[in-house]
Amino acid sequence: MADAGPIDLCRVQLAGPILNGSGTFDAIAARRAFGDALLERFPFHAFVSKTITLAPREGNPPPRLWETPAGLINSIGLPNKGLDGFLAHDLPELAELPVPLVVSVMGFSRDELAELVRRVGERDEVALIELNVSCPNVETGLIMGADPAETARAVEHVRALTDRPLIVKLTPNANDPAAVAVAAEEAGADAVSLINTLKGMALDPRTRQPWLGGTTGGVSGPAVRAVALEQVAAVAAAAGIPAIGMGGIASGRHAGDFLSAGAACVAVGTENFRDPAAGLRIAAELGELAAV
Ligand SMILES: Cc1cc2nc3c(=O)[nH]c(=O)nc-3n(C[C@H](O)[C@H](O)[C@H](O)COP(=O)(O)O)c2cc1C
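Let me sum up the structure you'll find in this document. Just so it is clear, the structure is predicted and the values come from calculations on it, not from any experiment. (Residues numbered from 1 in each chain as written. Predicted model: local features only at pLDDT ≥ 70, side-chain atom pairs only at ≥ 80, totals over all residues. Heavy atoms only, no water.)

## Quick notes on the overall build of the chain
Rules: In this description a helix means any DSSP run of H or I spanning at least four residues, a strand means any run of E spanning at least two, and both kinds are numbered starting from the N terminus. C-alpha atoms define the radius of gyration in this analysis, and the globule rule sets the expected value at 2.2 Å times the number of residues to the power 0.38. Contacts were defined at the residue level, with two residues in contact if any of their heavy atoms lie within 4.5 Å. Here, Shrake-Rupley sampling with a 1.4 Å probe gives the accessible areas, and only protein chains in the shown set may cover a residue. For the charge count, each Lys or Arg is scored as positive and each Asp or Glu as negative, with His and the chain ends excluded. By convention, charge coordinates are those of NZ in Lys, CZ in Arg, CG in Asp, or CD in Glu.
On a plain count of helices and strands, the chain comes out with 10 helices and 14 strands. For the chain, the C-alpha radius of gyration of 18 Å lies close to 19 Å, the compact-globule estimate for 292 residues. Across its three principal axes, the chain shows a C-alpha extent of roughly 50 × 50 × 40 Å. In the chain, the proportion of contacts linking residues at least 24 apart, taken out of those at least 6 apart, comes to 71%. Surface exposure of the chain reaches about 12300 Å², of which carbon and sulfur atoms provide 54%. Across the chain, the mean location of the 23 positive side-chain charges is 5 Å away from that of the 34 negative side-chain charges.

Now the structure itself:
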């Protein structure tokens, strides 16, 4: 099993292999709640921002969460301040974190994605950029990350605009995630991360109508771990670039499973809502496992 020590992720040095899943840990709110103690014992070895879009978004109408056995369905809908608001207000605060910063971006067209990558990549505070391609391209109607050719076109369109390493966050709602990973690699991506949430739905027990304001949502947490592990193993076997594995990781043993399946590093998502210090615990458990 890969150990819990320092790693090189696309030429960026990390003190260990534990990241957060985008959108599952609000470092700015946590800093407000825990003060500088958060910086002294930061739970991750790199921090991934929540996904930002070019224009500000309100997100989806409530309700936004449904608890499933061993997981969550969320329909948050990417509320964010938009690129200008992020660069002016959030980036300076995130730059104070004691670990390299990954900024996650989503564009609803290739040109929107290009604008995001170009302007985020200009900032010295940003170590890596993650492309969240789990959204429809309004020009083609296709989910960018569900189709290898569409993903390749998106990566090719932005590759030359930044020298920052590009991570493509793969969706599990694709026929063949490994083919999408290979297409991303051939188009110039430096790494892939997976899995994003699986499409899911819940009904209101009283009205028999969809519970979530967004009708459908994304399933995450231990419920998806077996699916994630299979996809990470398939992607790691097919692609030559590093894979960041996630999906239901809640212990050092789970993290070790993803590393053994071929992931270069791992990310903790839903577990952060239960325990904001989960990253520290998982890193310590992984260290104990690696030592035996
Ligand atoms: C409440 C919530 C919000 C999320 N927001 C984002 C997001 O903004 N961008 C993104 O790429 N993934 C987002 N995700 C997906 C996670 O980063 C992760 O890929 C997924 O939840 C699987 O990991 P987990 O089972 O450990 O949570 C979100 C997940 C949850 C539960």
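Back to the text.
## Here's the deal with the packing of aromatic side chains
Put simply, the test is: By convention, a stacked pair of Phe, Tyr or Trp rings (six-membered ring in the case of Trp) has centres within 6.5 Å and planes under 30 degrees apart, an edge-to-face pair has planes over 60 apart, and any other such pair is tilted. Residue exposure (1.4 Å probe, protein chains only): buried if accessible area is under 20% of the type maximum, exposed if over 50%, otherwise partly exposed.
Tallied over the entire structure, the rule returns 6 aromatic pairs. Considering the side-chain rings of Phe 25 and Phe 47, the 6.3 Å spacing of their centres and the 70 degrees angle between planes classify their relative orientation as edge-to-face. Of this pair, Phe 25 sits in the loop between strand 3 (18-20) and helix 1 (27-34) while Phe 47 is found in strand 4 (residues 47-48), placing the two residues 22 residues apart along the sequence. Just as Phe 25 is buried, Phe 47 falls in that class too. Between Phe 42 and Phe 44, the ring centres sit 5.9 Å apart and the planes meet at 80 degrees, which makes this aromatic pair edge-to-face. As far as burial versus exposure is concerned, Phe 42 and Phe 44 are alike and both buried.

## Comments concerning the sheet that holds strand 7 (residues 101-105)
The line we're drawing: For two strands to pair, DSSP has to find at least two bridges joining them.
Read from one edge to the other, the open sheet built from 8 strands follows the order 3-14-13-10-9-8-7-4, with strand pairing classed as parallel. Single-partner strands in this sheet number two, and they are strand 3 and strand 4. Pairing of strand 4 with strand 7, which is carried by 2 bridges, proceeds in the parallel orientation. Directly across from Phe 47, in strand 7, lies its bridge partner Leu 101.

## Quick notes on the site of the ligand
Operational definition: Whether a residue is near a molecule or strand is decided by its heavy atoms; if any one of them lies within 4 Å of it, the residue is near. Think of a polar contact as two N or O atoms within 3.5 Å of one another; within protein, one of them needs to be a possible hydrogen donor and the other a possible acceptor, and neighboring residues in sequence only count if both atoms come from side chains. Three residue categories are used. Nonpolar comprises Ala, Val, Leu, Ile, Met, Phe, Trp, Tyr, Cys and Pro, charged comprises Asp, Glu, Lys and Arg, and polar comprises the others, including Gly.
Taken together, 22 residues surround the ligand, and among them Thr 51, Ile 195, Gly 221, Gly 248 and Thr 270 come closest. A distance of 2.8 Å separates an oxygen atom of the ligand from a polar atom in the backbone of Ile 195. A distance of 2.6 Å is found between an oxygen atom of the ligand and a side-chain nitrogen or oxygen belonging to Thr 270. In isolation the ligand offers 610 Å² of accessible surface; the protein chains occlude 95% of this area. For the shell around the ligand, the residue count by class is 6 nonpolar, 15 polar and 1 charged.

## Some thoughts on the nonpolar core
Note the following rule: We define a nonpolar core as any set of buried Ala, Val, Leu, Ile, Met, Phe, Trp, Tyr and Cys residues linked to one another through side-chain atoms lying within 4.5 Å.
Ranked by size, the top nonpolar core spans 70 residues in total, and within it Phe 47, Val 105, Leu 131, Val 168 and Val 192 carry the most contacts. If sequence neighbours within four positions are ignored, Leu 131 has contacts with Val 105, Leu 113, Val 117, Val 155, Val 158, Leu 166, Ile 167, Val 168 and Lys 169. Counting 17 residues, the second largest nonpolar core, distinct from the first, contains Ile 7, Cys 10, Val 48 and Ala 127.

## What about the packing of helix 8 (residues 252-260) against helix 10 (residues 278-291)?
When two helices pack together, their arrangement is given by the angle between the helix axes and the distance between those axes. Rule in force here: Orientation is described by axes fitted as lines to C-alpha atoms, over the contacting stretch for helices, and by angles from 0 to 180 degrees between their N-to-C directions. Angles below 35 degrees are treated as roughly parallel, those above 145 as roughly antiparallel, those between 65 and 115 as roughly perpendicular, and all remaining angles as oblique. Crossing handedness is defined as follows: a turn of the near helix away from the far one that is anticlockwise and smaller than a right angle gives a left-handed crossing, while the clockwise case is right-handed.
Relative orientation of the contacting elements helix 8 and helix 10 amounts to 65 degrees, with a least axis distance of 7 Å. With respect to each other, helix 8 and helix 10 are oriented roughly perpendicular. Handedness of the helix 8/helix 10 crossing: right-handed. Between helix 8 and helix 10, the residues in contact are Gly 252, Arg 253, Ala 255, Gly 256 and Leu 259 and Ile 282, Glu 285, Leu 286 and Leu 289, respectively.

## Observations regarding the environment of Cys 135
Examined against the element boundaries, Cys 135 turns out to sit in the loop between strand 8 (128-132) and helix 5 (148-159). Distance in space between the C-alpha atoms of Cys 135 and Ala 46 is 24 Å, their sequence separation being 89 residues. Residues in contact with Cys 135, not counting those within four places in the same chain, are Met 106, Gly 107, Phe 108, Leu 142, Ile 143 and Met 144.

## Details of the sheet that holds strand 11 (residues 198-200)
Remark on secondary structure: sheet strands pair via backbone hydrogen bonds, oriented parallel or antiparallel. Spatially, the 4 strands line up as an open sheet ordered 5-6-12-11, and their pairing is antiparallel. For this open sheet the edge positions go to strand 5 (65-68) and strand 11, each flanked by a neighbour on one side alone. Along the sheet, successive strands turn relative to each other by an average axial angle of 35 degrees, direction set aside.

## Side note on the pairing of strand 9 (residues 166-169)
Within a regular beta strand, the side chains point alternately toward one face of the sheet and then the other, so they alternate between its two faces. Under the convention used in this document: Every crossover in which the path from the first strand over the helix to the second runs clockwise, viewed with the strands pointing away from the viewer, is termed right-handed.
Residue alternation in strand 9 divides its side chains into two sets, Leu 166 and Val 168 and Ile 167 and Lys 169, and both sets are buried. For the crossover that starts at strand 8, traverses helix 5 and ends in the parallel strand 9, the hand is right-handed. Two strands pair when backbone bridges link them, and strand 9 and strand 10 (residues 191-194) are joined in this way by 3 bridges, in the parallel orientation. Paired with Ile 167 across the two strands is Ala 191, which belongs to strand 10.

From the geometry alone we can't say anything about function, so treat these as descriptive.
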